Amino acid sequence: MAASSSTQTSGRTQVGIVGAGPAGLFLAHLLRRQGIDCVVLESRSRAEIEDTIRAGVLEQWVVDLMNQMGLGDRMMREGHFHSGITLRFNGESHHIDMAGLTGGKRVTVYAQHEVIRDLVAALLEDGGEIVFGVSDVQLHGVESDRPSIAFRRMPDGPLEALRCDYIAGCDGFHGPSRQAIPKSVRNEFQVVYPFGWLGILTEAPPSHPELIYSNHERGFALLSTRSPEVQRLYIQCDPKDDIANWSDDRIWSELHARLEDRDGWTLTEGPVFQKGIIAMRSFVCEPMRHGRLFLAGDAAHIVPPTGAKGLNLAVADVLVLSRALAAFYKSGRTDGLEAYSAVCLRRVWKAERFSWYMTTMLHRNPAETPFEQRVHLADLDYVVSSQAAMTALAENYVGLPMD
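All figures in this text were calculated on a predicted structure; none of them were measured in a lab. (Residues numbered from 1 in each chain as written. Predicted model: local features only at pLDDT ≥ 70, side-chain atom pairs only at ≥ 80, totals over all residues. Heavy atoms only, no water.)

## Topic: the overall build of the protein chain
Of regular secondary structure, the protein chain possesses eleven helices and 21 strands. The C-alpha radius of gyration of the protein chain comes to 22 Å, within 12% of the 22 Å expected for a compact globule of 403 residues. In terms of overall dimensions, the protein chain has a C-alpha envelope of 70 × 45 × 45 Å along the principal axes. Counting every position in the protein chain, which comprises 403 residues, the buried fraction comes to 56%. For the protein chain, restricting intrachain contacts to residue pairs at least 6 apart in sequence, the fraction spanning at least 24 positions comes to 72%. Total accessible area on the protein chain is roughly 17,100 Å²; 49% of this is exposed by carbon and sulfur atoms. (Helix = DSSP H or I, 4+ residues; strand = E, 2+ residues; numbered from the N terminus. Rg over C-alpha atoms; globule rule 2.2 N^0.38 Å. Buried < 20%, exposed > 50% of the residue type's maximum accessible area, 1.4 Å probe, protein only. Contact = heavy atoms within 4.5 Å. Areas by Shrake-Rupley, 256 points an atom, 1.4 Å probe, with all protein chains shown as cover.)

## Remarks on the pairing of strand 11 (residues 148-152)
On a regular strand, each side chain points to the face opposite its neighbour's, so the side chains alternate between the two faces of the sheet. The buried count for strand 11 comes to four of five residues, which makes it a mostly enclosed element. As paired elements, strand 10 (residues 135-140) and strand 11 share four bridges and run antiparallel to each other. Bridge pairing links Ser135 to Arg152 in strand 11. In terms of strand pairing, strand 11 meets strand 12 (residues 159-163) through five bridges, oriented antiparallel. Considered in strand 12, the bridge of Ala150 is made with Ala161. (Pairing = 2+ DSSP bridges.)

## Things to note about helix 1 (residues 22-33)
The end-to-end C-alpha distance of helix 1, which contains twelve residues, comes to 17 Å, matching closely the 16 Å that a straight helix rising 1.5 Å per residue would cover. Among the twelve residues of helix 1, ten are classified as buried, and the element is accordingly described as predominantly covered. Residues Pro22, Ala23, Gly24, Leu25, Phe26, Leu27, Ala28, His29, Leu30 and Leu31 constitute the buried set of helix 1. A positive phi of about 75° marks Gly35, the residue just after helix 1. (Expected span 1.5 Å × (residues − 1).)

## Observations concerning the packing of helix 9 (residues 335-362) against helix 10 (residues 370-385)
Relative orientation of the contacting elements helix 9 and helix 10 amounts to 115°, with a least axis distance of 8 Å. Every residue of helix 10 that contacts helix 9 at Tyr357, Thr360, Met361 and Leu362 is listed here: His376, Asp379, Leu380 and Val383. The class makeup of the residues in the contact of helix 9 with helix 10 is five nonpolar, two polar and one charged. (Axes fitted to C-alpha atoms, helices over the stretch in contact; angles between N-to-C directions. Nonpolar A, V, L, I, M, F, W, Y, C, P; charged D, E, K, R; others polar.)

## Looking at the sheet that holds strand 14 (residues 187-203)
Here eight strands make up an open sheet; going across it, the order is 7-6-15-16-17-14-18-21 and the pairing mixed. Here the strands that pair on one side only, and so sit at the sheet edges, are strand 7 (92-97) and strand 21 (301-302). Relative to strand 21, strand 18 (residues 272-286) is paired through two bridges, and the arrangement is antiparallel. Of the residues in strand 21, the one forming a bridge with Val284 is His301. Its contacts with the sheet place helix 11 (residues 387-398) against strand 6 (84-89), strand 7 and strand 15 (212-215), and it is angled at close to 125° to strand 6.

## Re the packing of aromatic side chains
For the structure on display, the rule yields twelve aromatic pairs. Seen from their ring centres, Phe328 and Tyr329 are 5.0 Å apart, and the 75° between their planes marks the pair as edge-to-face. The class for Phe328 is partly exposed, based on a relative accessible area of 21%. Joined through ring pairs, the aromatic side chains of Tyr166, Phe294, Phe328, Tyr329 and Tyr340 make up one cluster. Sitting over the ring of Phe173, Arg281 keeps its end group 4.5 Å from the ring centre. The residue whose ring lies beneath Arg353 is Tyr357, and the NZ or CZ to ring-centre distance is 5.8 Å. (Phe/Tyr/Trp six-rings, centres within 6.5 Å; stacked < 30°, edge-to-face > 60°. Lys NZ or Arg CZ within 6 Å of the ring centre and 35° of its normal.)

## Notes on the state of the cysteines
Overall, the coordinates contain zero disulfides when judged by the stated rule. Free of any disulfide, Cys164 has its nearest neighbouring cysteine sulfur in Cys38, separated by 10 Å. (Disulfide = S-S within 2.5 Å.)

## Overview of the sheet that holds strand 4 (residues 57-58)
Strand order in the open sheet made by the three strands is 4-8-5, with antiparallel pairing throughout. Of all the strands in the sheet, just strand 4 and strand 5 (80-82) have a single pairing partner and so form its edges. Sheet topology places strand 4 next to strand 8 (residues 107-109); two bridges connect them, and they run antiparallel. Across the sheet, residue Leu58 finds its bridge partner in strand 8, namely Thr108.

Structure follows, in structure tokens:
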């Protein structure tokens, strides 16, 4: 579909990026380092994307990439480096030594919104262009060699068109990019889980030096961290529940019951200053490329947070895409662009598998039979008693190799 004749041309760039989340921002940095021009269009304001609080667990290779790109200084100062996790079930704790099982690899707990703040500041300081607060975003001509992105800079402003060679749809599950792929071409795979997470932020010192994943008869619980003064915790709940039904006292009671073990470890409480309920789903769109449109990040796939894969998958997508675009602009090669979807989907499905595995193993699903629940406990017991099983979990958790 061609852009309307009433649309004003606002300029031209080599790659138009829709969305200033992790995928879009990382892609902009990667492209600019290859001398490829790009413009990022974002529907929210800078304050909105930087202040939307989201947890973040970065795989080893993502941390290495940020440091190689000169973007990791604050992360290295303020992040929390975890060499293992603890699995807790049947009242007992089991440490998974991820670093020891993977040749020294670890994960870094550094919130997604902090990553976004670092990427935005560095991109703008370097002269990159991000247009915040756009509306009426429409993708045109993605099947042609002259695609464009229509948008309004102001709600009542004129409809403008940004002409591109290629479009990267990094605008999340609800953005317009995926919808620009015809339904006849799209294959979508989805699981909606019958449970969600109630998450809190609390002013309290760390109760434990690493993440604790707990399978309990009352439901899943997770202890994480944000800073030396702020901790993040989650409990499994009904995704349709009203947060008003959860007083602070009720939340702490559930956290104590689900997280504490037989060895006398106790949870440190503090004032709760944020709480909310999120639903959980697994989702994949195939293909991730249509014509000159490339989907990346949550526009193409969603994982439940149990496996800590969302941001990492987004970065993996755009690393593959940036290499393919660099090969095209340097030597005219298109094989990387043509293989983009297939290459990314191999990693995506492995991450989906791991996230589904961790989610189903650790949560109590009311639709499952007692037999199935016992199988999950047996799976946990196998993981903590088998070197091979622990290694497989650790390899997936710290991040599969990119090359």
